[in-house]
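# Analysis of the macromolecular model
The lines below spell out each chain.
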Amino acid sequence: MEKISIVVPCYNEEESLFLFYDEICRVSTDMSDQEFEFIFVDDGSKDKTPEKLRNLHQRDSRVRFVSFSRNFGKEAGIFAGLSYATGDYVVVMDSDLQDPPELLKKMFKMIKTEKCDCVATRRDTRKGEPPIRSFFSKIFYKFINKISRTEIVDGARDFRILTKQMKDAILTMGERNRFSKGIFSWVGFDTKWLSYDNVKRVAGNTKWSFWGLLIYGINGIVAFSTMPLVIASIIGIIFFVIAFIMILVIIIKTLIFGDTVVGYPSLVCIIFFLAGIQLFSIGIIGQYLSKVYLETKERPLYIVKSTEKDMDLK
Ligand code: UDP
Ligand code: MG
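Not measured: the values here are computed from a predicted model.

The next point concerns the overall build of the chain. A tally of helices and strands in the chain yields 11 helices and 8 strands. Dimensions of the chain, computed from the C-alpha atoms along their principal axes, are close to 90 × 40 × 35 Å. Relative to its full complement of 314 residues, the chain shows a buried share of 43%. When contacts within the chain are restricted to residue pairs at least 6 apart in sequence, those whose partners lie at least 24 apart make up 84%. For the chain, the accessible surface area stands at approximately 17500 Å², while carbon and sulfur atoms represent 63% of it. Placing the 43 positive and 38 negative side-chain charges of the chain at their respective mean positions leaves the two points 4 Å apart.

Below is the structure:
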């Protein structure tokens with residue numbers, strides 16, 4: 001019998017947890033040829049999520065959980081879930097039912113019949129999302145795919161099923177700045193894609209603010225491309241050439257027409273413009289430097305407060 005581990009990062013999901021559990025149980029009953037294990041990662045929730053997880057474990061021994069000592073972010077949650085998973089196949093999915101559990105049957109069939117290492121999902125539409133968010137998301141994916149050699153698929157969700165082999169490969173990537181969409185792609189292997197319509201979350205609120213997404217995007221770019229550094233250097237060279245030509249023009253003009261002091265406003269504009277570009281470039285370097293700084297500290301990705309094992313011992 002093959003075992004499927006379902007990894008579910010949860011942060012303040014008390015409202016959707018039981019709904020999710022019921023759904024996933026229904027699907028697991030339909031897939032009775034497979035053994036299941038549910039690994040809920042409580043990412044430092046401040047609501048009743050931990051209690052509810054304990055309750056679920058008491059009801060159903062297939063339910064396992066890991067509680068973090070504080071909120072470490074979804075990426076850390078996924079990493080922890082993957083390292084706790086013991087199945088032959090691992091599924092990552094959200095607890096808000098935005099990743100339809102029903103789709104799991106199809107995904108499992110696909111990974112078995114099509115002999116691939118991963119079946120991932122993507123949303124075709126961004127229905128139900130604020131237009132401004134969709135707009136910036138589109139630009140982000142265009143940009144990052146231009147400058148990164150790792151393919152980052154637009155609309156890709158973290159909802160996917162992968163083989164144990166691919167999961168182990170992902171776990172060897174111990175970087176602190178984790179950008180799952182890139183990591184799944186970077187490790188290689190065969191990924192097949194499945195599209196579905198955007199689904200609204202059943203309960204609770206999204207954890208993403210606009211700024212949160214912006215910073216997530218910048219982290220993704222820094223994690224999977226060094227092109228911004230190249231762009232900064234190229235801009236520097238372009239301005240050097242322009243400055244050189246301008247110096248020549250000024251020398252020749254002075255020799256022909258003499259020394260006249262004009263051009264104060266344009267000078268101010270140029271100073272501001274160049275200072276802006278310089279600060280922008282330093283900012284880019286700073287982004288990479290800050291990531292190097294954090295990586296060298298080698299802090300753990302997450303800290304565990306309790307797991308279901310603590311309950312079993314009591
Ligand atoms: N999540 C998490 N830690 C966080 C934020 C979110 O584990 O710091 C979980 C959350 O509980 C949910 C999933 O990640 O199961 C996706 O979060 P959300 O629905 O807020 O994101 P969206 O679907 O809007 O992209
Ligand atoms: Mg969601």
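There's more to say after this.
Considering only enclosed or pocket space, the second largest pocket measures out at about 490 Å³ in volume. Contributing to the lining of the second largest pocket are 15 residues, with Ile250, Lys253, Thr260, Val262 and Gly263 lying nearest its centre. Per element, the largest residue contribution to the lining of the second largest pocket is 6 residues, and it comes from helix α9 (residues 227-257). Here the residues of the lining of the second largest pocket sort into 8 nonpolar, 5 polar and 2 charged.

Right, let's get into the coordination of the magnesium ion (ligand 2). Angles at a metal have ideal values that depend on geometry: 109.5 degrees with four tetrahedral donors, 90 or 180 degrees with six octahedral donors. Taken together, the protein donors to the magnesium ion (ligand 2) comprise Asp96 (OD) and Gln98 (OE1), at separations of 1.8 to 1.9 Å. Given a relative accessible area of 2%, aspartate 96 falls into the buried group. Owing to a relative accessible area of 18%, glutamine 98 belongs among the buried residues under this scheme.

Bringing the pattern of salt bridges into the picture now. Summed over all chains, the structure comprises 17 salt bridges. The partner of lysine 105 in a salt bridge is aspartate 30, and the shortest N-O contact between them spans 2.8 Å. Here lysine 105, found in helix α4 (residues 103-113), pairs with aspartate 30, found in helix α1 (residues 14-30); they are 75 residues apart in sequence, far enough to count as distant. Judged by its relative accessible area of 46%, aspartate 30 falls in the partly exposed class. Close ionic contact of lysine 167 with aspartate 168 constitutes a salt bridge, the shortest N to O distance being 3.7 Å. On the basis of relative accessible area, lysine 167 is assigned to the buried category, the value being 4%. Look at aspartate 168 and you get partly exposed, because its relative accessible area is 31%. Each of the salt bridges in this network shares a partner with another, and the network as a whole consists of Lys3, Glu37, Arg64, Glu308 and Lys309.

Conventions and cut-offs
- Residues numbered from 1 in each chain as written.
- Chains lettered and ligands numbered in written order.
- Predicted model: local features only at pLDDT ≥ 70, side-chain atom pairs only at ≥ 80, totals over all residues.
- Heavy atoms only, no water.
- Helix = DSSP H or I, 4+ residues; strand = E, 2+ residues; numbered from the N terminus.
- Buried < 20%, exposed > 50% of the residue type's maximum accessible area, 1.4 Å probe, protein only.
- Contact = heavy atoms within 4.5 Å.
- Areas by Shrake-Rupley, 256 points an atom, 1.4 Å probe, with all protein chains shown as cover.
- Lys, Arg positive; Asp, Glu negative; His and termini not counted.
- Charge placed at Lys NZ, Arg CZ, Asp CG, Glu CD.
- 1 Å grid on protein atoms, 1.4 Å probe; cavity = no way out; pocket = protein on both sides within 12 Å on 5 of 7 lines; lining within 4 Å.
- Points joined across faces, edges and corners; volume = space filled by probe spheres on them.
- Nonpolar A, V, L, I, M, F, W, Y, C, P; charged D, E, K, R; others polar.
- Donors = N, O, S within 2.8 Å, 3.2 Å for Na, K, Ca; no water.
- Salt bridge = Lys/Arg side-chain N within 4 Å of Asp/Glu carboxyl O.

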